[in-house]
Amino acid sequence: MTNRIFCMLLRDTNYKVLISLLFVFVFVLELIIDGKNSLANENHSSLLEKSTNISKSKRTRRKPPSDYSRAGGSRGCPGENIPLTILAPNTFVGETTSRNPSFIWFISKQKLTEFRLFKLDKGTSTPKKIGVPIQYKSISGINKLSFPSSQSPLTVGQRYIWQISINCSSGPFVKRGEFMVVQKPAVLQEQLSKVTKNSQKPYVYAQQGLWYEALEEALKLAPNQGKLGHIGSDILRNLASSDNFIPDDFQPEKTEILHKKIQQRKNYLEKIAGGS
């Protein structure tokens, strides 16, 4: 009788110990998961904050685009809430380290578009056409066109203009972006070597003001075609806040008009980001 009672007590004790250990295991597991999520969120926020701060600090090297890049309508086709919009710097000359970059834009409705590339030499005001026009059937939402491999790679130190045009019922509508191919900074190589997740790459490029690479890397992570995805939306909002450059020698009478255009474009970019 005594032995039976002892065995029951022992079995009951082991059961309680097992339950206690199980609770401890679950508690520790939750702490680990929470810690990883917290660290991921912290890294994400930290990278985004650094991106914003660094992009602001690079104002000193920003260059105003040519008058040719500034030309083009701003209202788009009739009935569109968001017109054809290039997802690249607009108020200053963008930079890319890629000699075969990708070009990204937004369009509200599926439409045939035409892509053109121009070279802008120093001391000239008229861009030179490169290659032939490329007809591209844009889908509704985000579109990307990679630089054709059939053409010679772009030249480091050279300034270029890319152009997307569509036909509206009211006539042609054109948007342009101006950029320069630059050498890859040593600090960029160092930062990329420390990246442990692909989701960090867009922010590293954004830190260096390389918006073409930042958005291209972000699109690789987007879950659906035609969408930016969460990270792409972050990058685009960051660009929207950064793309507000007005040269010190800009004509005062035109400054107010430019401010309005900048705000209008910022609103478009934020709407596009919100539809990720």
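Residues numbered from 1 in each chain as written. Predicted model: local features only at pLDDT ≥ 70, side-chain atom pairs only at ≥ 80, totals over all residues. Heavy atoms only, no water.

A word on the pattern of salt bridges. Counted according to the given criterion, the structure contains seven salt bridges. Here Glu217 and Lys220 are joined by a salt bridge, their closest N and O atoms 3.1 Å apart. With Glu217 and Lys220 both in helix α5 (residues 211–220) and three residues apart, this pair spans about one turn of that helix. With relative accessibility at 15%, the residue Glu217 sits in the buried group. (Salt bridge = Lys/Arg side-chain N within 4 Å of Asp/Glu carboxyl O. Helix = DSSP H or I, 4+ residues; strand = E, 2+ residues; numbered from the N terminus. Buried < 20%, exposed > 50% of the residue type's maximum accessible area, 1.4 Å probe, protein only.)

Glancing now at the sheet that holds strand β8 (residues 171–181). Strand pairing in a sheet relies on backbone hydrogen bonds, with the paired strands running either antiparallel or parallel. With mixed pairing, the five strands of this open sheet are ordered in space as β2-β8-β7-β4-β5. On the outer flanks of this sheet lie β2 (94–96) and β5 (128–138), each paired with one strand and no other. Pairs of neighbouring strands in the sheet enclose a mean axial angle of 30°, with direction left out of account. Where strand β4 (residues 111–120) lies against strand β7 (residues 159–168), seven bridges are found, and the strand directions are antiparallel. Residue pairing in the sheet places Lys119 in a bridge with Tyr160 of β7. Of the strands in this sheet, β2, β7 and β8 touch α5, which is tilted by about 65° from β2. (Pairing = 2+ DSSP bridges. Axes fitted to C-alpha atoms, helices over the stretch in contact; angles between N-to-C directions. Contact = heavy atoms within 4.5 Å.)

If you walk across this open sheet you meet the three strands as β1-β3-β6, and the pairing is antiparallel. Both outer strands of the open sheet, β1 (85–86) and β6 (141–146), are each paired with one neighbouring strand and no more. By the bridge criterion, six bridges tie strand β3 (residues 102–107) to β6 in an arrangement that is antiparallel. Pairing of Phe103 across the sheet is with Leu145, part of β6. Running over the sheet, α5 touches β3 and β6 and is turned about 70° from β3.

With 14 residues, helix α6 (residues 229–242) extends 20 Å between its outermost C-alpha atoms, agreeing within 8% with the 20 Å of an ideal straight helix rising 1.5 Å per residue. Most of α6 sits inside the fold, with 11 of its 14 residues counted as buried. Among all positions of α6, only Gly229, Ile231, Gly232, Ser233, Asp234, Ile235, Leu236, Asn238, Leu239, Ala240 and Ser242 are buried. (Expected span 1.5 Å × (residues − 1).)

For the rest of this paragraph, the subject is the pairing of β3. Among the six residues in β3, six count as buried, and that is most of the element. Where burial is concerned, the two faces of β3 agree: the one with Ser102, Ile104 and Phe106 and the one with Phe103, Trp105 and Ile107 are both buried. Relative to β3, β1 runs antiparallel, the two sharing two bridges. Bridge pairing links Ile86 to Trp105 in β3.

The final tally for this structure, using the stated rule, is eight aromatic pairs. A centroid spacing of 5.1 Å and a plane angle of 40° characterise the contact between Phe103 and Trp162, whose relative ring orientation is tilted. Placement of Phe103 in strand β3 and of Trp162 in strand β7 is noted, with a sequence separation of 59 residues between them. Members of the aromatic cluster, connected to one another through ring pairs, are Phe103, Phe115, Tyr160, Trp162, Phe179 and Tyr212. Over the face of the ring belonging to Phe92 we find Arg62, whose NZ or CZ atom lies 4.2 Å from the ring centre. (Phe/Tyr/Trp six-rings, centres within 6.5 Å; stacked < 30°, edge-to-face > 60°. Lys NZ or Arg CZ within 6 Å of the ring centre and 35° of its normal.)

Interhelical geometry of α6 versus helix α7 (residues 252–274) gives an angle of 170° and a closest axis separation of 9 Å. Taken together, α6 and α7 sit at an angle that is classed as roughly antiparallel. In this structure, α6 uses Ser233, Leu236, Arg237, Ala240 and Ser241 to contact α7, whose residues at the interface are Lys266, Leu269, Glu270, Ile272, Ala273 and Gly274. Grouping the amino acids of the contact of α6 with α7 by side-chain chemistry returns five nonpolar, three polar and three charged. (Parallel < 35°, antiparallel > 145°, perpendicular 65-115°, else oblique. Nonpolar A, V, L, I, M, F, W, Y, C, P; charged D, E, K, R; others polar.)

Applying the stated criterion to the full structure yields one disulfide. Two residues, Cys77 and Cys168, share a disulfide whose sulfurs are 1.8 Å apart. As the torsion about the S-S bond is roughly -65°, the Cys77-Cys168 disulfide counts as left-handed. Placement of Cys77 in the loop between α2 (67–70) and β1 and of Cys168 in strand β7 is noted, with a sequence separation of 91 residues between them. The burial state of Cys77 is the same as that of Cys168; both residues are buried. (Disulfide = S-S within 2.5 Å.)

Moving on, we get to the side chain of Ser165. If you trace the backbone, Ser165 turns up in strand β7. If near-sequence neighbours (up to four positions away) are discounted, Ser165 is found in contact with Leu112, Thr113, Glu114, Phe173 and Val174.

Another aspect to go through is the nonpolar core. Membership of the largest hydrophobic core comes to 33 residues, with the highest contact counts inside it found for Leu87, Ile142, Leu228, Ile235, Leu236 and Ile272. When residues of this core are traced back to their parent elements, those giving at least two are β3, α3 (186–193), α4 (201–207), α5, α6 and α7. With residues up to four places along the chain from it excluded, the contact list for Leu87 reads Ile104, Trp105, Phe106, Ile142, Leu215, Leu228, Leu236, Leu239, Leu269 and Ile272. Cys77, Leu84, Leu145 and Cys168 belong to the second largest nonpolar core, which has 21 residues in total. (Core = buried A, V, L, I, M, F, W, Y, C linked by side-chain atoms within 4.5 Å.)

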